[in-house]
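Coordinates in review
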Amino acid sequence: MLLLGGCDVARPDSPPATGPAVHLIGAFPSDGCGVGPDPDCTIPTNATLTFRFDRFLNPTTVSRQAIRVYTGDAKTAFAAPPFEVAYDPVERVVEYRMPANYGFAPHTLYNLELSRAVADDDFGIRAFDGAPLEEAELPLRSSFLTADAPIDLPVESVPTCAEIVTNVLGAKCTGPQCHQRVGHSFTQAGQAIDLGAAPYGLWLDTPADVRETAIGKVAHGTELGDQSGGAPEVKGARFGVRQALIDPGVPGGSYLMFKLLLGRDNYCPVRLDSGGCSGKAASAHMFLPLSRGQSVAPEQVELDRLREWFVRGEPMPRAPADGTPPKFTLDQLRAVSTFIAGGADCQQ
C-alpha cells in the first residue's frame, strides 16, 4: 500500500454529478465605477477587466466570446478589442487585458455583460465540472465610465524553466519517494527499497527532464486505460480526461497545477522552518484586491470537488518521512502558474 499512496497513484472514481453554479465574487470595474464621486474608482483607457470567481474554471470556456463590452451609443460605438484573455487558477481570476495600440475611448460610458451558458454549446464561463455561471450577489451586467488617459502597467516577469526546477519543483518534488530520476530509492525499517523509475515516469530533476516527461505529455492519472500514449485532449468530452501534465500557456488546464492546487497549505505566504505558515495573503491582481473576508485560498469543499472529479492521489509536494511538510509558499505556487502561462519553455 505504500507505493500506491505515492504522489500521483490512484484509480479514477465514478464521475460525480455537476457541482454548484459558478458565482462572480469580485469584479473590476464595479457597477457604476467612474460615474459617481468615488475618487478611487477610475477606469484608465487601458484598464484590465478583472473577475474573481468562487470555483475553479474550465479554461476552454474562458474566451473573448464570454464577455460583451459596448457603448450603446451609435455615435461612439465601440468594437470590442481583441482582448488578451488570461485565467489564473491560483486565485480563480479571469483577466481581459487591453492589447497594445488599443484602448477604451476616454470619458465614455460602457456596458459590460458576462455571458451565461444555457445550452451545452453556448459561450459562457463554466466550472471544471461543467457547472454554468449564474448571477448571485454581484451582477453579471454592469456599466462604467472611463477616465481620460491610460496608465503605466507593470510588466509581468516569467520565471525560467531552470528557476522553476531549481527553486520550486526540484526543491520540493524530487525527494527519494517522489519525482526524482536518479537514486529513486529510500529506506524503511532499515531495509533499502528501490522504487525504480519515478511514479508515472514524471521526472522533475532538470529542465530536460521536465521537457521530456511533463510538457505536452498526458498525465497518467487522467488516462482511461492502463498506459499513457498519444496527445492530450484539449477539449475532451469531460474536463480532466487525458489532460496534459503541463499544457504550455494554459496553467488552468495543466494537471501538475491541479496537483499543487489540491494542497490548500500551499497557499501559505511565508513558510516557517518548522513547516508552519505565517503572514496574510494578498491578491496578485492590481485591479482587483481581495475584499474583506475573501481569501486567495479556495474553500476546502471546492478542493474536495477537484479530488472527486479528476485529481488523483495526494497533493504535491508529498510530506517526507520525518513528518516535516515540504509545502510550497504562495509565491512558489504563483511562479509555477506564471511559468506555464508564459509558455513553459524548457528548451535550454
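Notes on the structure follow. (Residues numbered from 1 in each chain as written. Predicted model: local features only at pLDDT ≥ 70, side-chain atom pairs only at ≥ 80, totals over all residues. Heavy atoms only, no water.)

1. Description of the sheet that holds strand 6 (residues 109-114)
Hydrogen bonds between backbone atoms are what pair the strands of a sheet, whose relative direction is either parallel or antiparallel. Overall, antiparallel pairing links the three strands, which are arranged 3-6-7 in an open sheet. Each edge of the sheet is formed by a strand with only one pairing partner; in this case those strands are strand 3 (67-70) and strand 7 (141-145). Taking the axes of each pair of neighbouring strands and ignoring which way they run, one obtains an average angle of 20° across the sheet. Taken together, the four bridges between strand 3 and strand 6 define a ladder with antiparallel strand orientation. For tyrosine 70, the partnering residue across the bridge sits in strand 6 and is asparagine 111. (Pairing = 2+ DSSP bridges. Helix = DSSP H or I, 4+ residues; strand = E, 2+ residues; numbered from the N terminus. Axes fitted to C-alpha atoms, helices over the stretch in contact; angles between N-to-C directions.)

2. With respect to the pattern of salt bridges
With the rule as written, the count across this model stands at 10 salt bridges. Ionic pairing is found between glutamate 91 and arginine 52, a salt bridge with its closest N-O pair at 2.9 Å. With glutamate 91 in the loop between strand 4 (84-88) and strand 5 (93-97) and arginine 52 in strand 2 (residues 49-53), this residue pair connects regions lying 39 residues apart in the sequence. Judged by its relative accessible area of 0%, glutamate 91 is buried. Residue class for arginine 52 comes out buried when judged on its relative accessible area of 2%. The partner of glutamate 113 in a salt bridge is arginine 141, with the nearest N and O atoms 3.9 Å apart. Linking glutamate 113 in strand 6 with arginine 141 in strand 7, this pair joins segments that are 28 residues apart in sequence. Overall, arginine 141 belongs to the exposed group, its relative accessible area being 59%. (Salt bridge = Lys/Arg side-chain N within 4 Å of Asp/Glu carboxyl O. Buried < 20%, exposed > 50% of the residue type's maximum accessible area, 1.4 Å probe, protein only.)

3. Structural notes on the environment of valine 270
In this fold, valine 270 is placed in strand 10 (residues 270-271). Spatially, the C-alpha atoms of valine 270 and leucine 330 are 7.7 Å apart, while their sequence positions differ by 60 residues. The contact partners of valine 270, leaving out residues within four places of it in the chain, are Gly276, Cys277 and Ser278. (Contact = heavy atoms within 4.5 Å.)

That is the geometry; function is a separate question.
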